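Each chain is listed here by its residues.
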Amino acid sequence: MQKVVSLIKDHELPPIMREIVGNAPKSRKIACFVASAAALSAMSSRVRLHYFYDTRPSALLLQVLIEGAQSSGKSFAADIEGLIMNDTLKARDKAMRRLEQEYRDKKKRRKANEKLEEEPETTIRVVPPTISKTVLTKRADMYERVFGDTLTFWMFAEELAQVTDAGKNGYSNLRTIMRTAYDLGSEFGIDFASDNSYSAIVDINICSMFCATPSAIDDYFDKKAIEGGNITRTILCRLDESIGEDGAIFTPYTPEQKAHIDRMLKRLMDETYDGDGGLMPTLQLDTAWLDKTVCAWVRAKGKEASLSGSRSLDVFRKRSSVSAFRVAALCQYLYELDRIGSGAGQPCGLTNEVIQKRVRQIYLFMADYILDGMMERWGKRFEELNTKRDQENKPGPKTILFDQLSETFNRSQLRALIEQQGKTTPDKVFLSQWKKLRVIEEIEKDVYKKLKVKS
């Protein structure tokens, strides 16, 4: 499939993305754009969207996968993650985690029968990929208890193997949660009888970015993940390196660039938390103007799937559009924040027409980019698994046991036929029923003859 559009120019990108992508070498620009989109979506957890094909509200929830061979320079993703998260969500979490640790220390030091104050109600946003389902559920429920609403978790791993290894323990296998975490309002629940555990039904929302080698991706996205839908919720970003090529060199940020990034990140935090320790109201982003473009792309890919007979294309196109729409909506949100901050008449005070033109181009580029990545990585495997399932579920030819027997047969022949056809009913039951129906008679011990049935 050929891409119909390219990503917009570096200087035309929204704030923060503009600086990150602008300082990246040519071979890493798209990867940097996708990586920054994942982290910035986690920062923008109060934004709500209406996607044309969904009946309920959506949020900016993205799951990004950076794939590259060993020593291919995937560390740029960690640099972007640190740039966006270190002084924002991670700094806020540090104070929260300190409260939790102080409480645990007090609990260890308390004397027998000594009463301890209530456990602190903390709202942690950045969670490791090795987190257990119970702890993740508790942290999500704490959002509801403290704020009365949900927030987005951020999950990052420089090695996907961490996620795969943790998943070998049932309590840390997050594959199912990662599917529900892609959609606002999809609840996950655990219910334990033990007082030492935690039970709740919660709306868990996660933005994630994992770096991985091709073999690590093969391990994590196994048959269940491919058929279950984990792959279709992923934006796969593959780093292609030519043999003998030098490593990618990134330009350091200027003081002006860093100041602008910090200023915008503070704006994003202020759009999430109010000054009294609560949450800001949700923001309904107006994206109705993009609906026509979304519908045209989805229908065009549906027609292509119909003409080619590709089931993978038909399935992959739908969530490719969803993820691309969320990236585009994030960019619209950042443009509008920047315009508000700049004031009327300032250079970055873009008109609605300019913003919409850029956002539309970003949607079209990302929709093709995400779909192409899924088709190249999993298209063939998805088709094979679906073909195999269809064949296994296809009903076999209808055979009637009685008709398979000769006009005269014995009990041993009947037993052999029953076993051959995989039936579980004992031979004596068949013989008893056939005698009642008067379709056989016993001519000697364990030997039977079929009778002609009068019409």
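Treat the numbers as computed from the prediction; the structure is a model and nothing was measured.

About the cut-offs
- Once a new chain begins, its residue numbering starts again from 1 and follows that chain's sequence as written.
- With pLDDT at 70 or above as the cut-off, local features in this predicted model cover only qualifying residues; side-chain atom pairs require 80 or more to be listed or tallied, and sums for whole chains, interfaces and linings still use all residues.
- Just so you know, side-chain values use all the structure's heavy atoms and leave hydrogens and water out.
- Helix numbers and strand numbers start at the N terminus; a helix is a DSSP run of H or I with at least 4 residues, a strand a run of E with at least 2.
- To estimate the expected span of a helix, count its residues, drop one, and scale the result by 1.5 Å.
- Working definition: with a 1.4 Å probe on protein chains only, accessible area under 20% of the residue-type maximum means buried, over 50% means exposed, and in between means partly exposed.
- Here the aromatic set is Phe, Tyr and Trp, taking the six-membered ring for Trp, and pairing holds for ring centres within 6.5 Å; pairs whose planes are under 30 degrees apart are stacked, those over 60 apart are edge-to-face, and all others are tilted.
- Consider the ring centre and the ring normal. A charge sits over the ring if Lys NZ or Arg CZ is within 6 Å of that centre and within 35 degrees of that normal.
- Note on terminology: a nonpolar core comprises buried Ala, Val, Leu, Ile, Met, Phe, Trp, Tyr and Cys residues joined through side-chain atoms within 4.5 Å.
- Every residue pair with non-hydrogen atoms within 4.5 Å of one another is taken to be in contact.
- Strand pairing is assigned whenever DSSP detects at least two bridges linking the two strands.
- Structural elements are reduced to axes, namely lines fitted to C-alpha atoms, with helices fitted over the stretch in contact, and the angle between N-to-C directions of any two is expressed from 0 to 180 degrees.

> Explain helix α5 (residues 133-147) residue by residue, including any values.
The terminal C-alpha atoms of α5 lie 21 Å apart, and with 15 residues this matches the ideal 21 Å at 1.5 Å per residue to within 8%. Buried within α5 are the following residues: Leu136, Thr137, Arg139, Ala140, Asp141, Met142, Tyr143 and Phe147. One or two steps after α5, the chain reaches glycine 148, where phi turns positive at roughly 75 degrees.

> Tell me about the packing of aromatic side chains, residues and numbers included.
Per the counting criterion, the structure on display carries 15 aromatic pairs. Taking 5.1 Å as the distance between ring centres and 75 degrees as the angle between the ring planes, the aromatic pair formed by phenylalanine 402 and tryptophan 434 counts as edge-to-face. Here tryptophan 434 lies in helix α16 (residues 427-436) and phenylalanine 402 lies in helix α14 (residues 401-404), a separation of 32 residues in the sequence. Like tryptophan 434, phenylalanine 402 is buried. In textbook terms, an aromatic cluster arises when at least three aromatic residues are bridged by ring pairs, as seen for Phe402, Phe409, Phe430, Trp434 and Tyr448. Above the ring of tyrosine 182, the side-chain terminus of arginine 326 is found at 4.2 Å from the ring centroid.

> I'd like a rundown of the nonpolar core, residues and numbers included.
Counting 127 residues, the largest nonpolar core has Phe33, Trp154, Ile204, Tyr363, Met366 and Trp378 as its most contacted members. For this core, the element with the most residues is helix α13 (residues 352-393), which contributes 15 residues. Once residues within four sequence positions are removed from consideration, tryptophan 154 is found in contact with Ala38, Ala39, Ala42, Glu81, Met85, Arg125, Val126, Val127, Cys207, Ser208 and Met209.

> Break down unusual backbone geometry for me, citing the residues and quoting the values.
Phi at arginine 438 takes a positive value of approximately 60 degrees, unusual for a residue other than glycine. Despite not being glycine, aspartate 446 shows a phi value in the positive range, around 65 degrees. Within the element layout of this structure, aspartate 446 appears in the loop between β11 (440-444) and β12 (447-450).

> Account for the sheet that holds β12, with residues named and values stated.
A sheet is described by the order of its strands in space; here three strands give the open sequence β10-β12-β11, paired in antiparallel fashion. Looking along the sheet, the strands with just one partner apiece sit at the ends: β10 (408-410) and β11. This sheet shows a mean twist of 35 degrees between the axes of neighbouring strands, independent of strand direction. Alignment of β11 against β12, held across four bridges, turns out to be antiparallel. Its bridge partner lying in β12, glutamate 442 is registered against tyrosine 448. Strands in contact with helix α15 (residues 411-420) are β10 and β12; relative to β10, the strand with the most contacts, it is inclined by about 80 degrees. Each of β10, β11 and β12 is contacted by α16, which is oriented at about 110 degrees to β11, the strand it contacts most.

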